[in-house]
Amino acid sequence: MSYNNILVAKENSIATITINRPTKLNALNTETIQELHKAFQELEQNPETRVVILTGSGEKAFVAGADIAEFADFSVEEGVQLAAQGQDILFNFVENLKTPVIAAVNGFALGGGLELAMACHFRIASDNAKMGLPEVSLGVIPGYGGTQRLPQLIGKGRAMEMIMTAGMVTSDDAYRMGLVNHVVPQAELMDFCKGIAQKIMRNSPLAISSAIKSINSNYKDGENGFETEIKSFGKCFATEDFKEGTTAFLEKRKAVFTGE
Ligand code: COA
């Protein structure tokens, strides 16, 4: 499938999605959000995709936010619709994918850009990256899950301060707060992410999907993460991956997982 605002590349079961609106610092307009949804959906449906890396084109920005020009004259109803639809088709969608998604934060990740990085399963930043939720400086609040996921990742007090001050943090600060897992020189960012993807790919894809589901369950209303974990744990025992993993261990060889 061809897209206007994103690029999709596949190499050895690792897919890379690059948001490609460099002249607008990769700001998320409606079409980009829809294209990202389609691309993630297509990759998720292909069992050959084992890890997705999401990044921005150019050296300046991951994503500098939702496209301000697009929503500047919205009504209350349109604002609600924008946030609800975006959360549904992109932000919650990515968080709940079975395939691991790594955000390679290669520059500014602001507003919707940081919200998108936070919806990914974890984040690696380049040393020049800057992150923030500056929405209150525009008279609005984060609407793509930022008020929920930022406190989950860095704690309530720090999230309150970041959101209220509309300030940006450096990648080193983001690392100290637990917002990103690693900081690497920009030129090494993609290879570093691919290295982590390779480590993930040595393991059972089914077990990884179950782990994502169980971890996410803790943050869902009306769900008990411990119960989800118990059920998901039990289901693993019916899989070929479990048979292969345990047999390979006992036979002192490397497991070859099929994801069945
Ligand atoms: N929405 C729409 N367009 C955006 C954008 C956004 N969130 N962020 C950047 N752009 C556009 C700029 O309007 C500019 O377009 P133009 O050349 O047609 O005028 C282009 O991207 C380059 O941005 P510019 O502001 O000139 O770059 P800079 O290096 O001076 O500043 C930022 C970089 C990231 C500090 C600045 O672009 C910025 O503050 N962006 C908005 C961040 C924001 O508030 N995001 C939250 C939105 S909810």
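The text that follows walks through the structure, step by step, so that each part is easy to find. (Residues numbered from 1 in each chain as written. Predicted model: local features only at pLDDT ≥ 70, side-chain atom pairs only at ≥ 80, totals over all residues. Heavy atoms only, no water.)

Residues of helix α11 (residues 240-250) that are buried include every one of Asp241, Glu244 and Ala248, and no others. Along the axis of α11, the buried residues cluster in a sector spanning 65 degrees; they form a single face. Relative to its buried face, α11 has exposed residues pointing more than 90 degrees away, namely Phe249 and Leu250. Elements that come into contact with the buried residues of α11 comprise α9 (205-217). The positive-phi residue at the C-terminal boundary of α11 is Lys252, with phi of around 55 degrees. (Buried < 20%, exposed > 50% of the residue type's maximum accessible area, 1.4 Å probe, protein only. Helix = DSSP H or I, 4+ residues; strand = E, 2+ residues; numbered from the N terminus. Arc of directions from axis to C-beta. Contact = heavy atoms within 4.5 Å.)

Here we take up the sheet that holds strand β9 (residues 168-170). If you trace the 4 strands from one edge of the open sheet to the other, you get β4-β6-β8-β9, paired in mixed fashion. Each edge of the open sheet carries a strand with a single partner, namely β4 (61-63) and β9. On average, each strand axis in the sheet is tilted by 20 degrees relative to the strand beside it, whichever way the strands run. Summarising the sheet, β4 and strand β6 (residues 108-110) pair through 2 bridges and their orientation is parallel. By the bridge assignment for β6, Val63 is matched with Ala109. Against the sheet, helix α4 (residues 112-119) engages β4, β6 and β8 (130-132), with an angle of about 95 degrees to β6. (Pairing = 2+ DSSP bridges. Axes fitted to C-alpha atoms, helices over the stretch in contact; angles between N-to-C directions.)

Moving on, we get to the packing of helix α1 (residues 30-45) against helix α3 (residues 76-95). Two packed helices can be described by the angle between their axes and the distance between those axes. Contact pair α1 / α3: the axes reach a minimum separation of 10 Å and the direction vectors enclose 35 degrees. In this structure, α1 meets α3 at a crossing whose hand is left-handed. On α3, the residues touching Ile33, Gln34, Leu36, His37, Phe40 and Gln41 of α1 are Gln85, Ile89, Leu90, Phe93 and Val94. Here the residues of the contact of α1 with α3 sort into 7 nonpolar, 4 polar and no charged. (Left-handed = near helix turned anticlockwise from the far one by under 90°. Nonpolar A, V, L, I, M, F, W, Y, C, P; charged D, E, K, R; others polar.)

Time to look at the state of the cysteines. With the rule as written, the count across this model stands at 0 disulfides. The closest cysteine sulfur to the non-disulfide-bonded Cys120 is located on Cys193, 10 Å from its own sulfur. (Disulfide = S-S within 2.5 Å.)

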